[in-house]
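Residues per chain are reported as follows:
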Amino acid sequence: MTDLHYLSATEVLRAFNAKELSPVEVFDAVAARADAVEPSLNSLIERDVDASRAQAVAAEERYAAGAPVGVLDGLPVVMKEEQPIVGRPMSLGTMFSDGWVCEETHPLVQRTMDAGAIVHARSTTPEFCCAGFTHSKLWGITRNPWNLDYSPGGSSGGSGAALAAGTGYLASGSDIGGSIRIPASFCGVVGYKAPYGRVPAMSPWNLDSYAVDGAMARTVADCALFQNVIAGQHPSDHVSMPKVTIPDDLGDVKGLRVALAVTLGDFPIEPEIEANTRAFADALRAAGAIVDEIEIPILLAEAQSAALAHWGSMMGPSMAEIGPLDDERFTDYARMFIELSNAEYTRIGVYGAAQLEGKIQMTIGAAFDNHDALICPTIGTTGFIAGEPYTENRLTVAGREIELYILACQTVPFNIASRHPVLSVPSGRAANGVPTGVQVVARPYDDVTAFHVGAAAERELALTTSPSWRPAL
Amino acid sequence: MTDLHYVSATEIVQAFNARELSPVEVFDAVAARADDVEPRISALLERDVEASRAEAVAAQERYANGSPRGVLDGLPIVAKEAHPIAGRPMRLGSVLTEGFVGPATHPVIERALDAGAILHARTTTPEFSCSGFTHSALWGETRNPWNLEYSPGGSSGGSAAALASGTAYLATGSDIGGSIRIPASFCGVVGFKAPYGRVPTLPPRNLDTYVVHGALARTVEDTALFHNVISGQHRIDHVSLPKVEIPSELGDVRGLKIALAPSLGDFPVEDEVVANTRDFAEALRAAGAIVEEVDIPIRLADVQSASLAHFGGQMAPTLTSVVSKDDERLTAYTRMFLDWSIAEFERVGDYGGAQLEGQIHQTIAAGFAEYDALICPTIGALGFLSGEDYVDTRLTVAGRELEWYVMGCLTLPFNIASRYPVLSVPSGRAANGLPTGVQVVARPYDDVTAFHVGAAAERELGLTVAADWRPNL
């Protein structure tokens with residue numbers, strides 16, 4: 001088998017069970033791949049090849065004995081560093097973190113390990129995961145495997161890059177403004193922002209209704225496999241919700257009514273992305289769905305205000321308590337995040353944000369009166385430049401200079417309307433080589449429909465299954 | 001049938017369908033009862049006997065045609081005035097709301113009406129529903145049918161008093177700190193605080209995780225009937241959850257493991273309440289459950305701080321957006337609520353509040369780990385005196401003077417840990433004639449277990465089905 005590191009997780013696990021592949025052989029391929037590409041990408045941290053290989057050997061023995069520990073036994077995966085693992089460093093991409101150690105293990109990581117996966121590395125993030133790109137004073141610049149001049153996006157950028165580069169079969173992410181979907185889109189992989197509460201989180205972040213932990217993978221089926229491992233109630237997360245199992249047989253959308261929004265309200269969008277989004281819609285039509293173009297008249301300024309005020313209520317203070325704002329260990333973008341979010345929180349408060357949020361939720365909700373799902377671009381821009389913090393320089397999207405670069409992404413509305421399941425699925429590539437993505441949004445709590453629609457588009461577009469869907473690394 | 005006004009809703013609807021009773025006959029009985037007792041109770045507002053009787057006549061015709069409108073067709077019910085009805089007055093118990101009109105109809109009202117219920121009156125609340133008793137400058141004192149010297153509790157006090165006095169078969173309530181459970185307990189009726197989101201509500205208050213709307217009734221079965229009508233996702237409420245149908249066959253608890261907490265942490269509880277709570281536990285043992293005493297070591301001071309900060313951040317701004325907090329026409333208890341909650345919010349903040357809430361969640365979850373359900377008293381005090389606002393006078397419970405009378409109730413922990421379903425069920429009566437209640441708490445989102453346990457205790461105790469379970473009015 002060639003390019004073992006690019007096989008799907010589903011295929012690798014099938015081959016493990018059929019004893020056609022050994023976990024050791026697969027681990028060695030992934031480790032070799034990481035050795036080869038990491039010097040140019042910088043997406044992985046805390047690799048311990050000996051310990052991970054020992055886990056692969058143990059998994060091989062379990063398969064030989066016909067007793068794998070779980071559905072991911074022996075599969076090399078990476079976990080976002082933000083998700084703690086007891087006893088391991090907790091760096092959060094910050095220069096403040098000297099000596100910080102994780103005191104517990106995130107439920108998502110625990111479930112992944114309990115299913116037998118080998119966490120062979122953790123993945124990079126921006127400082128405090130507060131940005132839509134991935135570079136930091138602590139870890140430097142993580143690059144996009146498709147074009148090294150660009151960022152993989154963020155904050156789960158190390159995870160997105162690792163999947164695209166073939167150094168992990170599954171990867172975890174977290175999303176409080178787009179941090180799963182943005183890197184999934186820029187890296188040409190699949191990312192799932194489940195409805196708030198579906199995947200358990202850690203206190204007190206489980207109480208932040210914008211915050212969702214979740215699965216990233218190279219295919220919709222792999223993403224479903226991983227989601228089924230990590231989803232469902234956990235005793236440590238009071239708000240975590242009962243599991244909804246994603247079925248194996250995905251992609252039947254015949255007769256399904258899908259709304260196409262080529263943008264959301266007045267969010268700017270590049271023509272290349274619009275074209276790829278329309279191709280995605282045509283793929284769904286080819287699969288038998290009824291796709292109608294609609295408008296979702298939300299206002300970028302209201303989404304920005306609500307989100308900043310919301311972030312200013314919990315996330316901003318959690319960063320600000322680390323040190324004084326003028327401490328030179330802070331990155332400029334972290335400082336900007338604290339300042340902007342605190343200013344808006346002070347101005348309108350949580351109740352003011354709730355009024356805006358309610359309006360946005362109802363505007364989005366109206367689209368579902370006559371549709372089972374909605375598709376719209378994940379990001380309006382074709383790339384974030386690697387290493388650029390967008391604090392001094394403003395980002396221009398489709399000829400429009402925007403105040404806050406993160407609003408180039410159409411992701412925040414679904415942190416505001418956080419009960420919608422949203423699957424980001426590749427829609428094509430831009431001229432700069434960077435992939436583009438579409439958000440597949442289903443009704444609140446209707447996870448299964450999002451996966452059906454994503455799988456149908458993936459199948460019809462046939463992008464990611466093609467051998468050419470590989471970055472030239 | 002004698003005492004038609006005290007027959008259960010379930011039996012009334014069955015008799016309608018069997019044509020053994022007519023909606024007109026039943027309405028006339030309820031209207032006569034209201035004429036008789038309302039001068040002493042003062043629970044009902046906006047009665048329009050002619051219009052309601054016309055609805056009863058129409059329902060009677062539908063039953064005669066064999067085509068009732070829904071499962072509640074022709075049933076006289078009442079709704080808390082805080083549940084707006086489009087075009088109807090929305091006074092919220094305040095002298096400062098002259099001319100306020102309901103902007104929309106609340107989903108619970110819409111669903112009750114769609115099911116055919118006759119909303120023959122609305123019910124009193126304290127000003128802005130911000131207290132645990134029911135009296136206001138606008139509507140005066142609502143009294144407890146069991147002992148007119150006492151309050152029915154609040155804020156859904158009019159609803160509970162109406163049920164106890166036989167002027168409605170079902171009633172709506174809302175609960176942001178105990179406002180369904182407190183009056184249910186003091187009035188000897190049943191009230192269900194569903195998991196946050198299960199019953200839809202109007203934006204933007206749907207985003208306040210302490211806020212739950214729900215059903216009150218005289219029996220567990222009637223509460224289930226009503227809850228099944230009002231629960232489930234609604235397009236106007238983004239966070240509303242899928243429905244969990246409560247089965248009609250309730251009360252099998254054989255083998256169920258139930259934790260008994262005679263108090264929660266350091267909340268004071270009167271001996272009479274403890275004794276009735278233990279009787280409730282014995283009833284469950286008799287029904288085949290395994291009941292074990294546990295300690296849930298939450299601290300009253302933490303609950304008070306977290307909840308006041310939460311109210312200050314989210315509820316106080318809804319009030320101060322329509323009235324000045326220093327307006328002298330506000331009741332003293334509203335001013336106190338605003339002063340205290342705003343001060344605590346300023347001290348603790350949203351992020352600090354979330355941290356406290358997270359600790360309380362973990363403590364409750366740990367106590368619950370081995371059990372399917374938890375039972376604890378609804379209220380530690382034996383009664384709130386009618387007309388007393390507990391601003392200058394402090395409430396003493398079990399010999400302990402409380403800074404804030406609301407802590408005489410054990411309800412707030414389950415607004416903080418708001419995903420637990422909590423059914424308040426009568427446990428007996430105190431020497432002053434007032435009923436006592438027990439909170440049946442099931443695991444997050446496990447509504448059905450709460451109803452099974454409540455129904456089993458109700459059946460074994462045999463209190464509410466006894467002919468003497470009637471206030472002496």
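Everything discussed here concerns the structure shown above.
The shown structure was predicted, so the numbers you read here are calculated from the model rather than taken from an experiment. (Residues numbered from 1 in each chain as written. Chains lettered and ligands numbered in written order. Predicted model: local features only at pLDDT ≥ 70, side-chain atom pairs only at ≥ 80, totals over all residues. Heavy atoms only, no water.)

Q: So what about the environment of Gly 66 of chain A? Which residues, and what values?
A: Residues and elements named next belong to chain A. Assignment of secondary structure puts Gly 66 in the loop between helix H3 (49-64) and strand S2 (76-80). Judged by relative accessible area, which is 55%, Gly 66 ranks as exposed. Remark: the alpha-carbon pair of Gly 66 and Lys 19, spanning 47 residues in sequence, is separated by 9.6 Å. (Helix = DSSP H or I, 4+ residues; strand = E, 2+ residues; numbered from the N terminus. Buried < 20%, exposed > 50% of the residue type's maximum accessible area, 1.4 Å probe, protein only.)

Q: Quick one: what's the story with helix H4 (residues 107-114) of chain B, residue by residue and with numbers?
A: Residues and elements named next belong to chain B. Listed in full, the buried residues belonging to H4 are Pro 107, Val 108, Ile 109, Arg 111 and Ala 112. Close packing links the buried residues of H4 with strand S2 (76-80), strand S3 (118-123), strand S6 (170-175), strand S8 (212-217) and helix H7 (220-230). Positive backbone phi, approximately 100 degrees, marks Gly 116, located one or two places after H4. (Contact = heavy atoms within 4.5 Å.)

Q: Provide a residue-level description of the pairing of S3 of chain B, including the pertinent values.
A: Residue and element names in this part refer to chain B. Of all the six residues making up S3, six are buried; the element is thus mostly covered by neighbouring parts of the structure. Across two bridges, the pairing between strand S1 (residues 44-45) and S3 is antiparallel. Across the sheet, residue Leu 45 finds its bridge partner in S3, namely Arg 122. With five bridges connecting them, S2 and S3 associate as parallel partners. Its bridge partner lying in S3, Ala 79 is registered against Arg 122. On the question of chirality, the crossover connecting S2 to the parallel S3 by way of H4 is right-handed. (Pairing = 2+ DSSP bridges. Right-handed = clockwise from strand over helix to strand, strands pointing away.)

Q: Describe in detail the sheet that holds strand S10 (residues 290-293) of chain B, supporting the description with residues and values.
A: Residues and elements named next belong to chain B. Strand order in this open sheet of 11 strands is S1-S3-S2-S6-S8-S7-S14-S15-S11-S9-S10, and the pairing throughout is mixed. Among the strands making up the open sheet, the edge pair consists of S1 and S10. Packing against the sheet, helix H2 (residues 23-41) makes contact with S1, S2 and S3, and its axis sits at approximately 50 degrees to S2. (Axes fitted to C-alpha atoms, helices over the stretch in contact; angles between N-to-C directions.)

Q: Let's hear about the packing of H2 of chain B against helix H3 (residues 49-64) of chain B: which residues, and what values?
A: Residues and elements named next belong to chain B. At a minimum axis distance of 8 Å, the contact between H2 and H3 shows a crossing angle of 155 degrees. Here H2 is positioned roughly antiparallel relative to H3, judged by the angle of their axes. Seen from H2, the contacting residues are Pro 23, Val 24, Phe 27 and Asp 28; seen from H3, they are Val 49, Ser 52, Arg 53, Ala 56, Val 57, Ala 59, Gln 60 and Tyr 63. For the contact of H2 with H3, the per-class residue count stands at eight nonpolar, two polar and two charged. (Parallel < 35°, antiparallel > 145°, perpendicular 65-115°, else oblique. Nonpolar A, V, L, I, M, F, W, Y, C, P; charged D, E, K, R; others polar.)

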